[in-house]
Amino acid sequence: MPLNFKLYSTLTNTKEDFVPIEAGKVGLYVCGVTPYDFSHIGHGRGVVVYDTFARFLRETGWQVKYVRNFTDVDDKIIARANERGMEATALAQEFIEAFTEDAQKLNEVTPDVEPRVSTHMQEIIDMIQLLLDNGVAYVGDSGDILLDTTKVDDYGKLSKKPLNDLIEGARVDVSDDKKTPTDSVLWKLAKPEEPKWASPWGEGRPGWHIECSAMSAKHLGKTFDIHGGGMDLIFPHHENEVAQSEGAHKCKSVNYWMHLAFINFDGEKMSKSLGNFKTIRDMLQLVSGEAIRLYMLGTHYRKQLNFTVDALQASETALEKLYRTLKRAVDLPQTDAQDLEHFYGYLADDLNTPKAQAEMFNTATDLNAALDQNNLEKAAVLKAKLVKMGASLGLLTYEPVKYLKGGYKAAPEGAMSDTDVEKLVQERTTAKTEKNWARADEIRDLLKAENILLEDGAEGTSWVRK
RNA sequence: GGCCGAGUGGCGAAGUGGUAACGCUGCGGACUGCAAAUCCGCCAUGCAUCGGUUCGAAUCCGAUCUCGGCCUCCA
């Protein structure tokens, strides 16, 4: 029996008990990136949160199908490719690969399916045809196909925006094609030099929202369990997805909508359009991927996270504490993890990762205490628990000694080599044996200036790179 | 203007009726040649403000202030 859990749904704006469509199974669709640039840490938050969610579901007995798309056919991609004088498909491919690399550095378990618009044209065209057949779409004067938002039941139900308010408050330049300002383009006829695909309405490409309706239906069915994405997608992207999917299939499309809050920077939303974004790559120059992950899971996913480098580095320090503990525990015998009810219970409450983390840190403290008391039996059990909790959150997967020596982050410019460090440590050990404290301290200070900290233990001296 | 959401110690951040988790930082002690690490202990009589409900509120209700987001491409 899988563990029951609660999820806050944007559709009802309440925390709800999750009820699967099919017993024991969860279908999860998340809106991925439009690959025209390097991904920023806001995208990273999405990677980490939904990955953690999928891990949680699997560990608690659910059979999960996790689908995350790439919108690889898009105006911004075309524009950027033109700037660079290259094919749009090549540009998209380049940034899909970059995204995948970043996601791996963040310890993501790759989603089960990563569909792309470019390989789902037939599904998209079929869906547009259905919308036309159902009278929910129309052909505009220019020949583009548009969604008729006035023909959709309850348009605005997800974002809680009454259609009339939207029409009145419309700030968009109303194109001549649109019967109503809120209507959106389903199929856009190609201009010269633009990528294009054949369709019954002429060569062109899909509009922005239809691809997710088509791809989610193909991979998860007309009605599926959970749909995720950033808060900013609620309107218009997800609202239109609902309208299209339900307009085409005549049934409820998504049971639970799980939206992620933003990362802010200097108190303001970080986004590509504002130009104030930090890429995942930038952050990986400063700290390890797991530190970024720990940082992001330290704030609940529905709360805005105001990004600061100081806080990120505090997470790296906190992670070091966990790895120091594991390093001490490295020789303990393997046992099964137990006593995880509380931990999973926290995650089952709308993915409360901060609370789950607290449990992890408390366990580390207990483990250190058990080791101090030389209670190895207790320590082994605690270690198994700690490692298991870490794995659930996508953490503590590094090799502790290597991690503490800085092996999982970018080496700073002109850093002292491991070999040179070892040499000095050797020399200091000799000095210590001779009780030459002055020389020993001198070496320690010298290494400290290189951000290397020495730790004298019963079994000799070990070192850590800060 | 409409609709979301937030304001908790030096910093980050949980907690939604029973007396403030956790992390970083700081302080004291143990340990150490001295350190570091680790452990033990301490650090918000108070949770934006003002009222109210209640035996009891950070948590519920009302008002006010401040901030962020969506309403246009955005995770």
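The structure presented is a predicted model; accordingly, all values stated were derived computationally and were not measured. (Residues numbered from 1 in each chain as written. Chains lettered and ligands numbered in written order. Predicted model: local features only at pLDDT ≥ 70, side-chain atom pairs only at ≥ 80, totals over all residues. Heavy atoms only, no water.)

### Re the environment of Gln244
Then, number 1: Looking at the secondary structure, you find Gln244 in helix α7 (residues 234–249).
Then, number 2: Residue classification places Gln244 among the buried residues on the basis of a relative accessible area of 0%.
Then, number 3: Linking Gln244 and Gly46, residues 198 residues apart in sequence, is a C-alpha distance of 24 Å.
Then, number 4: In this structure Gln244 touches Met127, Leu131, Leu147, Ser184, Leu186, His209, Ile210 and Ser213, once residues within four positions along its chain are discounted. (Helix = DSSP H or I, 4+ residues; strand = E, 2+ residues; numbered from the N terminus. Buried < 20%, exposed > 50% of the residue type's maximum accessible area, 1.4 Å probe, protein only. Contact = heavy atoms within 4.5 Å.)

### Some details on the sheet that holds strand β10 (residues 254–260)
Then, number 1: Sheet architecture is open: four strands sit in the order β4-β3-β9-β10, paired in parallel fashion. The open sheet terminates on both sides in strands that have one partner only, identified here as β4 (63–68) and β10. Strand after strand, the sheet turns through a mean of 20° between neighbouring axes, direction not considered.
Then, number 2: One ladder, built from six bridges, connects strand β3 (residues 25–30) with β4; its direction is parallel. What sits directly across from Val30, in β4, is Arg68.
Then, number 3: On top of the sheet, helix α6 (residues 210–220) reaches β3, β4 and β9 (224–230); it is set at about 160° to β3, its chief contact. (Pairing = 2+ DSSP bridges. Axes fitted to C-alpha atoms, helices over the stretch in contact; angles between N-to-C directions.)

### Topic: the nonpolar core
Then, number 1: The biggest cluster of nonpolar side chains holds 75 residues, and the ones touching the most others in it are Phe5, Phe53 and Ile226.
Then, number 2: Looking at this core element by element, the count peaks at nine residues for helix α1 (residues 41–59).
Then, number 3: When residues are assigned to domains, this core turns out to be shared by domain 1 (6–265) and domain 2 (287–404), each giving three or more.
Then, number 4: If near-sequence neighbours (up to four positions away) are discounted, Phe53 is found in contact with Phe5, Leu7, Leu28, Ile226, Met258 and Leu351.
Then, number 5: Formed by 39 residues, the second largest nonpolar core is a distinct cluster that contains Tyr29, Val73, Val117 and Trp257. (Core = buried A, V, L, I, M, F, W, Y, C linked by side-chain atoms within 4.5 Å. Domains from an automatic or database assignment.)

### Quick notes on the side chain of Glu241
Then, number 1: Note on placement: Glu241 falls in helix α7.
Then, number 2: No salt bridge forms around the buried Glu241; measuring N to O, its nearest opposite-charge neighbour Lys157 is 13 Å away.
Then, number 3: Other than its neighbours up to four places away in sequence, Glu241 contacts Cys31, His209, Cys212, Ser213, His227 and Trp257. (Lys, Arg positive; Asp, Glu negative; His and termini not counted. Salt bridge = Lys/Arg side-chain N within 4 Å of Asp/Glu carboxyl O.)

### Topic: helix α16 (residues 437–449)
Then, number 1: Here α16 is 13 residues long and its end C-alpha atoms lie 18 Å apart, about the 18 Å a rise of 1.5 Å per residue gives.
Then, number 2: Burial in α16 covers these residues: Ala440, Ile443 and Leu447. In an axial view of α16, the angular spread of the buried residues amounts to 65°, which keeps them on one side of the axis. Along α16, the residues that are exposed and aim more than 90 degrees away from the buried face are Ala438, Lys448 and Ala449.
Then, number 3: On its buried face, α16 is in contact with α15 (418–433) and β14 (452–457). (Expected span 1.5 Å × (residues − 1). Arc of directions from axis to C-beta.)

### Regarding the domain arrangement of chain A
Then, number 1: In terms of domain boundaries, chain A breaks down into domain 1 (6–265), domain 2 (287–404) and domain 3 (418–465).
Then, number 2: Of note, the centres of domain 2 and domain 3, computed from C-alpha atoms alone, are 29 Å apart.
Then, number 3: Between domain 2 and domain 3, the residue contacts involve four residues of the former and four residues of the latter.
Then, number 4: Summed over the three residues of domain 2 that lose the most area to domain 3, namely Arg324, Lys327 and Leu404, the buried surface amounts to 90% of that side.
Then, number 5: Counting every contact that joins domain 2 to domain 3 gives one salt bridge.
Then, number 6: Arg324 is the partner of Glu455 in a salt bridge, and the nearest nitrogen-oxygen pair spans 2.9 Å.
Then, number 7: At the junction of domain 2 and domain 3, the tally comes to three residue pairs in polar contact (both at pLDDT 80 or more).
Then, number 8: Per-element accounting of the side of domain 2 that touches domain 3 gives the leading share, three residues, to helix α10 (residues 309–328).
Then, number 9: Taken together, the residues of the side of domain 2 that touches domain 3 sort by class into one nonpolar, no polar and three charged. (Buried area = accessible area lost by both parts, 1.4 Å probe. Polar contact = N/O pair within 3.5 Å; in protein donor to acceptor, adjacent residues only side chain to side chain. Nonpolar A, V, L, I, M, F, W, Y, C, P; charged D, E, K, R; others polar.)

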